[in-house]
Structure formats: C-alpha cells, structure tokens
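Each chain, written out:
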Amino acid sequence: MAFNHLPAGVHDALSPLSVRPVTHSVSMAHNQIPRQTGIHPSPRAVLGRLSTGAGRGTRITHTEHLPPRPGTHAHWPSAIRPEVIDAIRAAGIERPWTHQARTAEHALRGESVVVATGTASGKSLAYLAPVLSTLLDGSEAPSGRGTTALYLSPTKALAADQRRAVAGLAAPLGTGVRAAVYDGDTPVEEREWVRQYANYVLTNPDMLHRGILPGHPRWSSFLRALRYVVIDECHTYRGVFGSHVAQVLRRLRRVCARYGSSPVFLLASATASDPAVAASRLTGVPVVEITEDSSPRGEVVFALWEPPLTELHGEQGAPVRRTATAESADLLTDLAVQGVRTVTFVRSRRGAELIALIAQERLAEVDRSLPGRIAAYRGGYLPEERRALERALHSGELLGLAATTALELGMDIAGLDAVVVAGYPGTRASLWQQAGRAGRTGEGALAILVARDDPLDTYLVHHPDALFRQPVESTVLDPDNPYVLAPHLCAAAAELPLTEPDLELFGPATEELMPQLEQRKLLRRRATAWHWTRRERAADLTDIRGAGGSPVQVVEAATGRLLGTVDAAAAHTTVHEGAVHLHQGRSYLVKQLDLDDSVALVEEASPPYSTTARDTTAISILETTTEIPWGDARLCFGSVEVTNQVVSFLRRKLITGEVLGESKLDLPPRTLRTRAVWWTVTDDQLEEARVHPQALGGALHAAEHASIGILPLFATCDRWDIGGVSVPLHPDTLLPTVFVYDGHPGGAGFAERAFHTAARWLAATREAIAACECEAGCPSCIQSPKCGNGNDPLDKKAAIRLLTTLLAGAPEQPPAAE
C-alpha cells in the first residue's frame, strides 16, 4: 500500500465558518486600548498591548529585537549626468547610499550586477540612476532612436508602480526619457507608440515571451539600441517559473545579438543566498553581486506568535489550533484600534478577503468610523481599484490592509508601523521582504509571524534560530529541464532559425533535445539551421507560469459567465464533479467537468461542507542519478514516473472536519515524469528502531508528511510544489521506501536541493515531530491538509524512532551541491 502526498492544492482549509473568531475568549478588550492615531508608538509598546488579555502573552513564543542601523553615504559615479543627479536631489535625496553608488559603477562599466539588499533600501534608484543617465546620453545622438532600456517585473502592478516612480524622477529631464508600460492592459492604440518611440519599456516576462520576442521585427529599432535590461524582484523567478524565465532571457539575448546589441543585466533582489550565482543562472551571463546594505534602519521588534489549541478535533481525533486567519484578523483589529498602520500578508486571495471582513466586523463594535479604514488587496481587482487602495494607504486614509503577495513585490508602501504575516510565506527571503514593509524613516517597526497549524510553521515558532540565525535560501531553478527547454527551442526557431552556434546559448541539454524535436515534427532541419514550420504560434506551446496543459475554465452553468480558471494540474482535485469551488467569497458546486473541452460547469450554492479529493498514487524509478550509503540505508536522487488517479471525494463539516460521506469519481489517471529524492531502510534497521510490521506503514507515512512540510525551510519551494509517496515494500527497491518528488514535469530543482541537504532536512523533520506536544499526531507535525489517504495510517512515535535510526547512519558531511 502506498501513501501519497500530492502537489497542487486539494482543498482550502480555511472555510468561512472555521476562521470566525471567538471574541469572548481570545480577542483583547478593544475599548481598553487607547486610540493613538497620528503618532508613532514604539514597536515594543504596541507588542506589549497586543500581549495583554487572557492567554495572549503565552502565544508569543519568541521576540527578536533587531537594533537600529545607521546608513553610510557615497558619491555618485562621475559618469552619471549632472541633470540626473539634480533630479534625484529634487526628489529629496542628497547623496546615495554606498550600495547604490557601487551598483551604478558596475552598470556604467558594462558589467551585469545584482543588488540584493533589504526592503526599502533604495534598490530602484541604484539601477535607475545609470539607466536614466545612459538614456539621456542616447537621446542626444544625432540620428536614430537613441539608447533604450527594458524593465521586467513579475507583476503588472509593480510595473505600473515603477512607471510612476520613473515619471516623477525623470520629469525634469524633458523628452530624454520616454517611459511606457507595455503589457496585457496596454490599449491597442498605445502599443504602436510604445514600439516606435518609448526608450524605457516596462513589461513582464509573459509579454516578452508571447508578444515582444515573436514580433521582434516590429521591435527592431528598440532591440538594436538596447543597453540595459532591468530584472526587478529577481528572487521570485524560482522553480519552474524561474526556469521558463531563464530561457526567455536567453531568447532575448539571441534576438538582440541578431540586431547587434548585447545588453547589460541589472537585477534587484530581496536578500538572498549566493545572489550572483542565481542571477547568472537566470540570465546566462556573469553577474557581480552587491549584498552589503548601507541604508539606515530603525529598531525592528519581530515576534513569533502561535495560536492556541481549540476544543475542536480533526482527523483521527487530533487537536486543532485556532487558524492563523482568525488570529491575524484579531491582531489587525487591535492594531487598527491603536492607530497603528498595518499590512497583514496572507497566502491566499480568499484569506485576504476573510481577514479584512472579520476585522471590519470587529471594528464596527468599537467605532463605526473604523471599518471603512480596513480593506483587502489582492490580484483579480481592477487596476483602478488597486490604485485607489494604494493611494488610500499612502495618505493614511486606510489604517489596515489584508493583502496577498501582490503587495509584497516592491510596491512603494513604506511608512507602515507594523506587518502581520499570516502563516510562514515559504521562504526566509519572502518573510524578510514582507516584514521589511514596516518602518517609517528613522522609526521602529513591529513584525509578527502568526503560525499556521502546519509542521513547518510550528517548527519555526519554536526554533527561532532557524529564522534569525540562518542565511536566506538559495534560489532554485533548472533551465536545463527538458520540459521547459523544448518549447523555448521551438519558440526561438520561430523567431530566427536555430543554428549550431546557437545551441550552446540554451545549455548543455539542447543538443540531445534537437533530434527529439525533429522526430516529433516540431522542428525541421534545412541546410545548417532548424526551422519552425507549423502554422500555430510556437510561443503558445507553453505557459511560463503554468505546469502544462490548458487551464480549465470555470463557467457558471446558468449564465455562461466565466468565473475564472484552474490550472490543468489541479483540475482533478479541485473542480471534479461535486466539488465545492470558492470564488470571490461565494461558494459554487461543480456540476460537470469536461476534460476534453477544459470546462467546469458550476452553479452557486452554500453547502454546509467542504470537499476533499481522495486519490491513489504509484511511483516507479526510471533512473538513479546518484546514490550514497547512510549506514545500511540508502539515499538516492533520480528520475521517476508518478501515476496518480483521483478516485473519490469526501464531504466534511466546515467546522469540525467530520466526514459526512464519500462519493466515487471516474477520472482518468495522470502520469508525471519528474525528479525525486528517496531513502530506503533495511529490516535490521527496522528491528533496531523497534518499528514492527503493523506500524511500518504509519511510520513511513508520518515521516513522509513531516519531511514534505519541512522541506521549504531548505529549498525555495512551497509544500504544494512537491509530492510524496511512502511504500512499506517498493517493487523497484524491494525495501521500505519514502519518496519526495517535484510536482512539475521534468522537475523543478526542489528534490535535488533536498538530496544535497538531506542530513539537515531530515534532522529538522525528526525534531519537528518530536517537539510537537500532541500525543499521537496532529496538523502541527504529521498530518497533511492534502493527504490522498485521509491521514491514515500515521504513527508518530514509530516515525521518530525510524528517523532516529536513519539519521544515525548519515555521513558527517552532506554531499556537496553541484
């Protein structure tokens, strides 16, 4: 029997009823808190007030005090034009910070550079100063278009925000700088002007992939003069998405070379480990790193907060903690009453809406003027709605915002007093990025991480050193993934026929792929080059943000209205017939899933239950790339084939999770070829660990769940990016085996990272299980919200003994990363 743990969301654990706060037992007495709107209370004082009330103080598991830091100035390089320096001074900046000046120096020397410093440290100005100066030089050329620059951001909102910043800074420079946004929201009538006249184009990788590169002849004058490519928030380009963007950038470099240009890459990142290595892997060119942050910072008080246990019980009778959503809504309420300007970061759109709604309801009980000063901010809003919310937050009209990461990525919202992070965001880099949004100039800031009922969150709030004494993660991406590389080779051939010298640009896996693409009749070789000869657009072969396959459209059956889309990979588990589907605060029941036409028909309903898919998973080993002994055990990394089939779904009560019934489903199996890390143990080791045959399945299953929950601490992934299978006797190894695999075709680099950090990763896994205060296992240690087997069987104590024995044979030095 195999126990599986699938990537991609199975259900949303935050049902509307399950997050409603119990005000009499957990919310502080709002009317006892002094209103302090208009002043800047110290972060220590604010936290002190939050911790008052019954049981509140015990929820803070750790408080970290980061002392204030002075800034160090430098002078702009002499090559920066005086007009640009004057414009910067007019904006209130007399001298640059040292890291800004160093970044500009490298850029002006024609060296690609990544600046990886803290939030609000002025990274934008570090690359804008040399870019604006160079554009101004180019505008004085006697003929032609002059120098151009391209700006790439992961979101449309960030590009629009940067456009406003550039416009303000460049206003005194006249027509020398002509900045314009070019994305899916750009009106058709404006696009031709951008192509012909703009010299600073702000866009995103999606538009570069689907629009600019396939239509490069119309962009020839822009590309011929391209001097700089700015890649903002480059730490977000990780996993499969980052691998796609890496190949898009190689296609850009190739097309630029065709027009005689070789742009310099200027990258901005949140604090990251080995940023030059990651940036070089992303761009394919050598990159210099600037990591010393010379900007000033006020005192930061960072609290780790664990919600209390409730009287409710979940699967197998496990105790359940109060949700991070409900707890964060209370904190946002209390901070608003204190007049503390706050953003609460939430992982899901639905969570953002719920936190804002709960806080508004609570504030209405205190002061009728306060609910209007709290709002939600997430993707899916109209651009004018987002801009209005941003203006209201800047002006102080809004006291609090519940936001998804749409507000994390570089949006100019400095000037907040506090940040609440509802659930660990997946990486330390992202956590510090979000926490850094708090802090007025020279003032202190409060940050609070509220733990979810999840192994990783629970581990972190009880092991603060893992957050505050460890470097941030390396960015993981794999441009050589053949499932990523193949469609980009086709797109490149459609842009310009591929020649032998081009192959080196796209990486070592290219030469092996070319015959396969010819065999599949995707490319045809003529003389010395490969050509795209099909009628459809080659750029449409892949969605750089998706996991493959056409997204399933969610359509309201009665009206034909398109509600939204679901990734093909998640469709079987989220929009199967009978599933409860949530959209903009409303519940729908799926009446039919048509896989041939990629459509799910739904009707609005309010059932008193949620749905959870059940599935079966089999995994076979295709190739063992690396294998090392751990005593008698073996640790392996290689290629696997995962076959998964959704077979039924459960209906559960919203509050208690009690199973109301199970319905069978008839869905086809799906096969995924990917990369995995796995470990085996011997019968002798099982005897040493006192794991009896009847407990073996539960021990392996529990270890698998917990290891998946902890892996994001070591690889830049989310638990939804990875899957797992545990088997008491696997046919390929003939031993008890636990697999953890990438949930993307061809792999995403996460399993490889797990292999290279296995000793630390599995030690942290064992520690997380052993430290949990529950008796037999709960969502904080070994239960998983996406288990296809209903979290059965699980054996917490046997898992601890098994991992202890496994780790006893681990080599002293983990295998070095490649």
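What you see is a predicted model, and the numbers here were worked out from it, not measured in a lab. (Residues numbered from 1 in each chain as written. Predicted model: local features only at pLDDT ≥ 70, side-chain atom pairs only at ≥ 80, totals over all residues. Heavy atoms only, no water.)

### A few points about the overall build of the protein chain
Note the following rule: Secondary structure elements follow DSSP: runs of H or I no shorter than four residues count as helices, runs of E no shorter than two count as strands, and numbering proceeds from the N terminus. Only heavy atoms matter for contacts: two residues are in contact if any of them lie within 4.5 Å across the pair. What sets the accessible areas is the Shrake-Rupley method with a 1.4 Å probe; for residues, cover comes only from the shown protein chains.
Helix and strand counts for the protein chain stand at 26 helices and 31 strands. Within the protein chain, residue pairs in contact and separated by at least 24 positions form 75% of the contacts whose partners lie at least 6 positions apart. For the protein chain, the computed accessible surface area is about 31,900 Å², with 50% contributed by carbon and sulfur atoms.

### What about the confidence of the model for the protein chain?
Note the threshold: A residue's pLDDT is simply how confident the predictor is in it, with values from 0 to 100.
Across the protein chain, the average pLDDT comes to 86, with 89% of residues at 70 or higher. Contacts for the low-pLDDT stretch residues 6-39, under 50 throughout, to residues beyond four places or in other chains number 99 contacts. The model gives residues 814-818 a pLDDT under 50, and that stretch makes eight contacts with residues more than four places away or in other chains.

### Some words on the sheet that holds strand E10 (residues 300-305)
How we decide: Any two strands with at least two DSSP-identified bridges between them are counted as paired. As a rule, the C-alpha atoms of each element are fitted with a line to give its axis, helices using only the stretch in contact, and angles between N-to-C directions run from 0 to 180 degrees.
On the basis of which strands lie adjacent, the open sheet formed by seven strands has the order E2-E10-E17-E16-E13-E15-E14 and mixed pairing. With one partner strand each, in any of the chains shown, strand E2 (60-66) and strand E14 (374-377) form the two edges of the open sheet. Here the strands of the sheet are splayed against their neighbours by 15 degrees on average, with no regard to which way each runs. Bridge analysis of E10 against strand E17 (residues 445-450) gives six bridges, and the strand direction is parallel. Within E17, the residue paired with Val301 across the bridge is Leu446.

### Let's talk about the nonpolar core
Here is the rule: In this text, buried Ala, Val, Leu, Ile, Met, Phe, Trp, Tyr and Cys residues form a nonpolar core when linked through side-chain atoms within 4.5 Å. The buried label goes to any residue with under 20% of its type's maximum accessible area, the exposed label to any with over 50%, and the partly exposed label to all in between, with areas taken from a 1.4 Å probe on protein chains only.
In this structure, Trp630, Trp679, Leu711 and Trp761 are the most contacted members of the largest nonpolar core, which totals 87 residues. Here this core takes nine residues from helix H23 (residues 693-710), the largest share from any one element. One finds Ala180, Phe241, Leu282 and Val285 within the second-largest nonpolar core, a separate group that totals 38 residues.

### Quick word on the packing of aromatic side chains
How we decide: Here the aromatic set is Phe, Tyr and Trp, taking the six-membered ring for Trp, and pairing holds for ring centres within 6.5 Å; pairs whose planes are under 30 degrees apart are stacked, those over 60 apart are edge-to-face, and all others are tilted.
All told, the structure shown has 10 aromatic pairs when counted by the stated rule. Between Trp432 and Phe468, the ring centres sit 5.9 Å apart and the planes meet at 70 degrees, which makes this aromatic pair edge-to-face. Within this pair, whereas Trp432 is found in helix H15 (residues 428-435), its partner Phe468 is found in helix H17 (residues 465-468), the two being separated by 36 residues in sequence. Here Trp432 falls in the partly exposed class, since its relative accessible area comes to 26%. With centroids separated by 5.6 Å and ring planes inclined at 35 degrees, the aromatic side chains of Trp678 and Phe739 adopt a geometry described as tilted. Placement of Trp678 in strand E29 (residues 670-680) and of Phe739 in strand E31 (residues 737-742) is noted, with a sequence separation of 61 residues between them. Phe739 matches Trp678 in its accessibility class, with the two residues each being buried. Each residue in the set Tyr182, Trp219 and Phe222 is aromatic and connected to the rest through ring pairs, giving one cluster.

### Here we look at the environment of Asp86
Relative to the helices and strands, Asp86 is located in helix H3 (residues 82-90). For Asp86, a relative accessible area of 46% puts it in the partly exposed group. Along the primary structure Asp86 and Pro172 are separated by 86 residues, whereas in three dimensions their C-alpha atoms are 8.7 Å apart.

### Some thoughts on the packing of helix H8 (residues 205-212) against helix H10 (residues 239-258)
Applicable threshold: Note that the term roughly parallel is reserved for angles under 35 degrees, roughly antiparallel for angles over 145, roughly perpendicular for angles of 65 to 115, and oblique for everything else. Note on convention: the crossing is left-handed when the near helix lies turned anticlockwise from the far helix by less than a right angle, right-handed when the turn is clockwise. Ten residue types, Ala, Val, Leu, Ile, Met, Phe, Trp, Tyr, Cys and Pro, are classed as nonpolar, four, Asp, Glu, Lys and Arg, as charged, and the remainder, Gly among them, as polar.
Direction vectors running N to C along H8 and H10 enclose 50 degrees, while the axes themselves pass 10 Å from each other. Put simply, H8 runs oblique to H10. Considering the relative orientation of H8 and H10, their crossing is left-handed. Two secondary-structure elements touch here, H8 through Pro205, Leu208 and His209 and H10 through Val245, Val248, Arg251 and Leu252. When the residues that make up the contact of H8 with H10 are grouped by side-chain class, the tally is five nonpolar, one polar and one charged.

### Considering helix H5 (residues 123-139)
Rules: Expected helix span is given by 1.5 Å per residue-to-residue step, counting one fewer step than there are residues.
With 17 residues, H5 extends 25 Å from end C-alpha to end C-alpha; this agrees with the ideal 24 Å at 1.5 Å per step. Counting buried residues along H5, 14 of its 17 residues qualify, which places the element largely inside the surrounding structure.

### Notes on a negative patch on the surface
The condition that has to hold: Residues enter a patch when their relative accessible area is above 30% and they make no salt bridge; the linking distance is 9 Å between like charges and 5 Å between nonpolar side chains (Val, Leu, Ile, Met, Phe, Trp, Tyr). Take a side-chain nitrogen of Lys or Arg and a carboxyl oxygen of Asp or Glu: if they are within 4 Å of each other, that pair is a salt bridge. By the counting rule applied here, Lys and Arg register as positive and Asp and Glu as negative, while His and the ends of each chain are not counted. In this description, the location of a charge corresponds to atom NZ of lysine, CZ of arginine, CG of aspartate or CD of glutamate.
Residues Asp632, Asp683, Asp684, Glu687 and Glu688 make up a contiguous surface patch of negative charge. By the secondary structure assignment, Asp632 is in the loop between strand E26 (609-630) and strand E27 (633-653). A residue is classified by how much of its surface remains accessible, and Asp632, at 51% relative accessible area, is exposed.

### A few points about the sheet that holds strand E9 (residues 288-290)
Spatially, E5-E6-E4-E7-E8-E3-E9 is the arrangement adopted by the seven strands of the open sheet, whose pairing is parallel. Both outer strands of the open sheet, strand E5 (179-181) and E9, are each paired with one neighbouring strand and no more. Going across the sheet, the axis of each strand differs from the next one's by a mean of 15 degrees, ignoring polarity. Of the pairings in the sheet, the one linking strand E3 (residues 113-116) to E9 comprises three bridges and is parallel in character. When the sheet's bridge partners are listed, Val114 is paired in E9 with Glu289.

### Thoughts on the pairing of E10
Of all six residues in E10, six are buried, a share of seventy percent or more. Along E10, one buried face is formed by Val300, Phe302 and Leu304 and the opposite face, lined by Val301, Ala303 and Trp305, is buried too. Bridge analysis of E2 against E10 gives six bridges, and the strand direction is antiparallel. In the strand pairing of E10, His62 is matched with Leu304.

### Remarks on the side chain of Glu306
We count it as follows: N or O atoms within 3.5 Å of each other form a polar contact, as long as, within protein, one can give a hydrogen and the other can take it, and as long as residues adjacent in sequence are counted only when both atoms are side-chain atoms.
With respect to the helices and strands, Glu306 occurs in the loop between E10 and strand E11 (309-313). Looking at Glu306, its side chain comes within polar contact range of the side chain of Arg321, at 3.5 Å. Setting aside anything within four residues of it in sequence, one finds Glu306 in contact with Arg59, Thr61, Arg321, Ala451, Thr458, Val461 and His462.

### What about the side chain of Asp478?
Structurally, Asp478 is set in the loop between H17 and helix H18 (482-495). One buried charged side chain, Asp478, makes no salt bridge at all; its nearest oppositely charged neighbour is Arg281, positioned 4.2 Å away. For Asp478, the residues in contact, after removing those within four places along its chain, are Ser243 and Arg281.

### Structural notes on the packing of helix H4 (residues 98-108) against H5
Look at H4 against H5: their axes get within 8 Å of each other, and the N-to-C directions meet at 40 degrees. Taken together, the axes of H4 and H5 are oblique relative to one another. Of the two possible hands of crossing, H4 and H5 adopt the one that is right-handed. The segment H4 lies against H5, with Gln100, Thr103, Ala104, Ala107 and Leu108 engaging Leu125, Ala126, Pro130 and Thr134. Looking at the contact of H4 with H5 residue by residue, the classes come out as six nonpolar, three polar and no charged.

### Some words on unusual backbone geometry
We note that Lys521 has phi near 60 degrees; this positive angle belongs to a residue other than glycine. Within the secondary structure, Lys521 sits in the loop between helix H20 (510-519) and strand E19 (524-526). Here Arg690, not a glycine, exhibits a phi torsion of approximately 55 degrees, which is positive. With respect to the helices, strands and loops of the structure, Arg690 is situated in the loop between helix H22 (683-688) and H23.

### What about H4?
Every buried residue belonging to H4 is among His99, Gln100, Ala101, Thr103, Ala104, His106 and Ala107, and all of these are buried. After H4 finishes, the residue Gly110 shows a positive phi value of roughly 85 degrees.

### As for the environment of Pro68
Mapped onto the elements, Pro68 comes out in the loop between E2 and H3. We classify Pro68 as exposed; its relative accessible area is 56%. Note: C-alpha distance between Pro68 and Glu299 (231 residues apart in sequence) is 4.4 Å. Those residues in contact with Pro68 that lie beyond four places of it in its chain are Arg297, Gly298 and Glu299.

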